[in-house]
Amino acid sequence: MRNMTAAAQLAPSSFAHISSIRIIRTKLLHPAWSKEIKRGPARGQSATSAQIFARGATSAAAKGAPIREAKGAPLGLGPAQLFEKPERRQPEKRPLSGEDRSFQRPGSLAANAAIEAPCCFKTSGETMNFKSDTLRILSERGFIHQGTNLEGLDARLTSGVVTGYIGFDATAKSLHAGSLVQIMLLHWLQETGHRPIALMGGGTTKVGDPTGKDASRALLSDADIAGNIDSIKGVFEKFLKFGSGPRDAIMVNNDDWLSRLGYVEFLRDYGTQFTINRMLTFDSVKLRLERESPMTFLEFNYMLMQAYDFHELFRRHGCALQMGGSDQWGNIVNGVELCRRKDSAEVFGLTTPLLTTASGKKMGKTENGAVWLNADMLSVYDYWQYWRNTEDADVGVMLARFTKLPMTEVARLAALGGAEINEAKKILATEATAWLHGRAAADAAAETARRTFEEGAAASGLPTISLSRAEFGAGVPALDAFLKAGLIDSKGEGRRHIKAGALKVNDAPLIDERALTAADFKDGAIKLSVGKKKHALLKAE
């Protein structure tokens, strides 16, 4: 929901990192809030888990294209004055206390290393063995990046039902595939006996998260925001069980309390908990100022509102855990500290790594735009194809995070090499698609792909566009048809594809910018293709 690479503005404490091994230490007010995160091989995990992605990682290393975390994520904790200058030195070889543990950052593969499984969390001489099913599964599948007092959270998760939440701003009518990481956290929280809250950002969307933006987000009307929330809701029902039981998921809207706050009262009661000095050092603010890009006072208040959300959810629902991407670490810690100050309660924060693919692409994005989760914004077939096109080095990571396959099966599939890795990709695509769109739709998409690629057939399950029969009477310019199908972004791109022989009509190369006519129809449709992986059907109505 919110992205902000910032440190805890509320916690008057010290941060230090040792850059040579990329360690982050976060010491906050609470003496147990000390965590280090670093790379390292697993110890104390099953042999299967430790071997996951071995072949894919080796392949990626050979190509010089390891899976990477998003730029700035490892050390982007925020306020410059809170960081000690890094020293390029080796870590002390000593056992670590419970307050000073270190964890391998999931999803990072060293370019010249044989393997670093995303499920591994290791300390120098000591391994963090989680007792709760929740943290054990999340660590096994590579979801944990940072946490406030993970020992305390682990104990809380084993002693009773914990309510945890993640926020999602309603900036569009659909979430995209990048949001699945957070949805998975909620799923596994509920799957292990706890209660998830999906927080819709009806209030915070009115402000707009400034993180990673060079300019202010376009402000949406109340009606647009409400429409987006209504459109988004259905996705969560595929992954969570909603109801009124103690472990049933609930969905709430922060507009219910944020829009009712009195301005003067809010400043008096909560403004004293935040300092301008600290807020100006947050990356979301600092980068704007460095680039001389305007930042409105409205956006400046976003971090306060997100911290207040945690406080309000604790008071309303006993929520004791906020989760999010690692770029949310600062905002999450703000909420943790606000609950400590205002509610005299210890609550917890947990973040996931921000990942890019082996080639550096952002999760959930393609050349054609966002990979939307709503079927009316992206066809089931295209969604299946997104996962099918996963890079070899990323297959194990994606299987662990975005399917419910047992980790033993994930390990087996991730170890496949050569042409066999394509079978693992098909399983990934079908399993990920089945979770979102249902098993029947996933199997149909897989069969469409099989017929299209293996038999060269114009399978009926391909994305389809329709034009009137009258248009075909005069002829439809081929490039116009490719544009309408979303297979190319411009006619210039189409002409380049024609020269390269990549544009095809009914599997035959298009040699010039001719018009498509009724004579091109085969079995009631015209098959349009760009290369081997992008296809659509053109029909007349």
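Residues numbered from 1 in each chain as written. Predicted model: local features only at pLDDT ≥ 70, side-chain atom pairs only at ≥ 80, totals over all residues. Heavy atoms only, no water.

A. Main features of the overall build of the chain. Across its full length, the chain holds 21 helices and 21 strands. Burial status across the chain gives 55% buried among its 541 residues. Partitioning the contacts of the chain with sequence separation of at least 6, the portion at a separation of at least 24 is 74%. A total accessible area of about 22,400 Å² is found for the chain, and carbon and sulfur atoms account for 52% of it. (Helix = DSSP H or I, 4+ residues; strand = E, 2+ residues; numbered from the N terminus. Buried < 20%, exposed > 50% of the residue type's maximum accessible area, 1.4 Å probe, protein only. Contact = heavy atoms within 4.5 Å. Areas by Shrake-Rupley, 256 points an atom, 1.4 Å probe, with all protein chains shown as cover.)

B. Quick look at the environment of G325. Relative to the assigned elements, G325 resides in strand β10 (residues 321-325). Discounting chain neighbours no more than four positions away, the residues touching G325 are Q182, T351, T352 and L354.

C. Molecular detail of the sheet that holds β10. Spatially, β6-β11-β10-β7-β8-β9 is the arrangement adopted by the 6 strands of the open sheet, whose pairing is mixed. Bordering the open sheet on either side are β6 (146-147) and β9 (250-253), each of which pairs with just one other strand. As defined by bridge partners, strand β7 (residues 163-169) adjoins β10 across 2 bridges and the pair is classed as parallel. Looking at the pairing, G164 lines up with L321 of β10. The strands that helix α4 (residues 150-159) touches are β6, β10 and β11 (348-352); relative to β11, the one it contacts most, it runs at about 105°. Against the sheet, helix α12 (residues 302-317) contacts β7, β8 (195-201), β9, β10 and β11, and its axis sits at roughly 145° relative to β7. (Pairing = 2+ DSSP bridges. Axes fitted to C-alpha atoms, helices over the stretch in contact; angles between N-to-C directions.)

D. Representation of the sheet that holds strand β18 (residues 508-509). Pairing is mixed in the open sheet, where 5 strands are placed in the order β15-β21-β20-β17-β18. The open sheet has two free edges, formed respectively by β15 (464-467) and β18, since each of these has just one partner strand. Relative to β18, strand β17 (residues 503-505) runs antiparallel, the two sharing 2 bridges. Its bridge partner being in β18, V505 is matched across the sheet by A508.

E. Inspection of the packing of aromatic side chains at higher detail. Enumeration according to the criterion identifies 9 aromatic pairs in this entry. Pairing F266 with Y308 gives two aromatic rings, centres 5.7 Å apart and planes at 75°, and the pair type is edge-to-face. Taken together, the residues F266 in helix α8 (residues 263-270) and Y308 in helix α12 connect sequence positions 42 residues apart. Centroid distance Y383 to W387: 6.1 Å. Interplanar angle 75°. Geometry classified as edge-to-face. Taken together, the residues span about one helical turn, with Y383 and W387 both in helix α14 (residues 380-388) at a distance of 4 residues. Residues Y383 and W387 agree in their burial class; the two are buried. Ring-pair connections join several aromatic residues into one group, and the members of that group are Y383, Y386, W387 and F402. For K342, the ring lying beneath its charged end belongs to Y270, and the centroid distance is 4.9 Å. (Phe/Tyr/Trp six-rings, centres within 6.5 Å; stacked < 30°, edge-to-face > 60°. Lys NZ or Arg CZ within 6 Å of the ring centre and 35° of its normal.)

F. Layout of the environment of T356. Looking at the secondary structure, you find T356 in strand β12 (residues 355-356). Along the chain, T356 and D394 lie 38 residues apart, while their C-alpha atoms are 9.5 Å from each other.

G. Examining unusual backbone geometry more closely. Positive phi is not limited to glycine here, since N149 has a value of about 50°. Here N149 is to be found in the loop between β6 and α4. By relative accessible area, which is 6% here, N149 ends up buried. Even without being glycine, S344 reaches a positive phi, approximately 50°. Inspection of the secondary structure assignment puts S344 in the loop between α13 (329-343) and β11.

H. How the structure looks around the confidence of the model for the chain. Across the chain, pLDDT averages 74, with 71% of residues at or above 70. Strand β1 (residues 15-18) is the least confidently modelled element of the chain, averaging 27 in pLDDT, while helix α5 (residues 180-191) averages 97, the highest of any element. Of the regions scoring below 50 in pLDDT, residues 3-127 engages in 343 contacts with residues more than four places distant in sequence or in other chains. The model gives residues 210-215 a pLDDT under 50, and that stretch makes 17 contacts with residues more than four places away or in other chains. (pLDDT = per-residue confidence, 0-100.)

I. Main features of the side chain of T204. Of note, T204 is situated in the loop between β8 and α6 (222-236). A polar side-chain atom of T204 sits 2.7 Å from a polar atom in the side chain of D169. A distance of 3.1 Å separates a polar atom in the side chain of T204 from a polar atom in the side chain of N254. (Polar contact = N/O pair within 3.5 Å; in protein donor to acceptor, adjacent residues only side chain to side chain.)

J. Structural view of the packing of α12 against α13. Relative orientation of the contacting elements α12 and α13 amounts to 50°, with a least axis distance of 8 Å. Relative to α13, the element α12 is oriented oblique. Two packed elements cross with a definite hand, and for α12 against α13 that hand is right-handed. Mapping the contact onto sequence places M303, Q306, A307, Y308, F310, H311, F314 and R315 in α12 and N331, I332, N334, G335, V336, L338, C339, K342 and D343 in α13. (Parallel < 35°, antiparallel > 145°, perpendicular 65-115°, else oblique. Left-handed = near helix turned anticlockwise from the far one by under 90°.)

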